[in-house]
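Residue-level listing of the chains:
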Amino acid sequence: MDAKKYTYRVIWSEEDQEFIGLCAEFPSLSWLSPTQAKALSGIVKLVGEVLADMQANNEVPPEPLSTRTFSGRFVVRTTPEIHRQLVIRAEENGVSLNRYINSMF
């Protein structure tokens, strides 16, 4: 696996007063650094090391989000009251419930 195919994010940590590099597919990993660029390069390098270790131990790494196929469909369970409120808002906007929910993003 190529560490560069994974999903990364860099955020500021007020508590640590540093940037934190994170990887969505490896939520237990992080990398602290005083700069965003070093936080990103640090977490990418760390993921690469973990992938090499996993390969050496015949472990299966998580599939990168970037290579996964998504259907565009998912089912969400909610309360009847929230369902009702969403339908009302969709009707008020003159659109389907599906279109209303998708317009939130």
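Residues numbered from 1 in each chain as written. Predicted model: local features only at pLDDT ≥ 70, side-chain atom pairs only at ≥ 80, totals over all residues. Heavy atoms only, no water.

Overview of the pattern of salt bridges
The line we're drawing: Salt bridges are identified by distance alone: a Lys or Arg side-chain nitrogen within 4 Å of an Asp or Glu carboxyl oxygen. Note on conventions: DSSP H or I runs of at least 4 residues are helices, E runs of at least 2 residues are strands, and numbering of each starts at the N terminus. Residue burial is assigned from relative accessible area. The probe radius is 1.4 Å, only protein chains are included, and a residue is buried under 20% of its type maximum, exposed over 50%, and partly exposed in between.
Applying the stated criterion to the full structure yields one salt bridge. Put simply, glutamate 81 and arginine 84 hold a salt bridge, and the shortest N to O gap is 3.6 Å. Placement of both glutamate 81 and arginine 84 in helix α2 (residues 80-92) is noted, with a separation of three residues, approximately one turn of the helix. With a relative accessible area of 40%, glutamate 81 lands in the partly exposed category.

Some details on the sheet that holds strand β3 (residues 30-33)
This is how the line gets drawn: Pairing between strands is defined by DSSP: at least two bridges between them are needed. Axes, fitted as lines to C-alpha atoms, cover a helix only where it is in contact. Angles between the N-to-C directions of the axes lie from 0 to 180 degrees.
If you trace the three strands from one edge of the open sheet to the other, you get β1-β2-β3, paired in antiparallel fashion. In this open sheet, the two strands that pair with only one neighbour each are β1 (8-13) and β3. Neighbour-to-neighbour, the strand axes of the sheet open up by a mean angle of 25 degrees, direction not taken into account. As paired strands, β1 and strand β2 (residues 18-23) are joined by six bridges and run antiparallel to one another. Each residue of the ladder has a partner; that of valine 10, found in β2, is glycine 21.

Observations regarding the layout of surface pockets
Over the atoms, a rolled probe matching the size of one water molecule traces out where space is still vacant. Quick reminder of the rule: Two kinds of site are reported from a 1 Å grid over the protein atoms alone, namely cavities, where a 1.4 Å probe fits but cannot get out, and pockets, open sets with protein on both sides within 12 Å along at least five of seven lines, and residues are called lining when an atom falls within 4 Å of a point. Grid points are joined across faces, edges and corners, and a volume is the space filled by probe spheres set on the points. Ten residues, namely Ala, Val, Leu, Ile, Met, Phe, Trp, Tyr, Cys and Pro, are considered nonpolar, four, namely Asp, Glu, Lys and Arg, are considered charged, and the remaining ones, Gly among them, are considered polar.
One number sums up the size of the largest pocket: a volume of about 430 Å³. Among the elements of the structure, α2 and α3 (97-102) are those that each provide at least two residues to the lining of the largest pocket. Looking at the lining of the largest pocket element by element, the count peaks at four residues for α3. Among the residues making up the lining of the largest pocket, the classes are represented as six nonpolar, five polar and one charged.

Observations regarding the packing of aromatic side chains
The following threshold applies: When two rings of Phe, Tyr or Trp (its six-membered ring) have centres within 6.5 Å they constitute a pair, described as stacked for plane angles under 30 degrees, edge-to-face for angles over 60, and tilted for the intermediate range.
Taken as a whole, this structure holds two aromatic pairs when the rule is applied. Between the aromatic rings of tryptophan 12 and phenylalanine 19, the centroid separation amounts to 4.9 Å while the plane-to-plane angle is 70 degrees, which identifies the pairing as edge-to-face. On the basis of relative accessibility, which here comes to 39%, the residue tryptophan 12 falls in the partly exposed class. The exposure class of phenylalanine 19 is buried, given its relative accessible area of 17%.

Notes on unusual backbone geometry
Residues other than glycine seldom take positive phi values, yet glutamine 17 does so here, at roughly 55 degrees. Positionally, glutamine 17 belongs in the loop between β1 and β2. Located in the positive-phi region is asparagine 58, a residue other than glycine, with phi close to 55 degrees. Structurally, the position occupied by asparagine 58 is in the loop between α1 (36-56) and α2.

So, α1
Defined as follows: Between the first and last residue of a helix there are one fewer steps than residues, each counted as 1.5 Å, and that sum is the expected span. Contacts are assigned to residue pairs that have any heavy atoms within 4.5 Å of one another.
Here α1 is 21 residues long and its end C-alpha atoms lie 30 Å apart, about the 30 Å a rise of 1.5 Å per residue gives. Listed in full, the buried residues belonging to α1 are Ala39, Gly42, Ile43, Leu46, Val47, Leu51 and Met54. Check the buried side of α1 and you find it contacts β1, β2 and β3.

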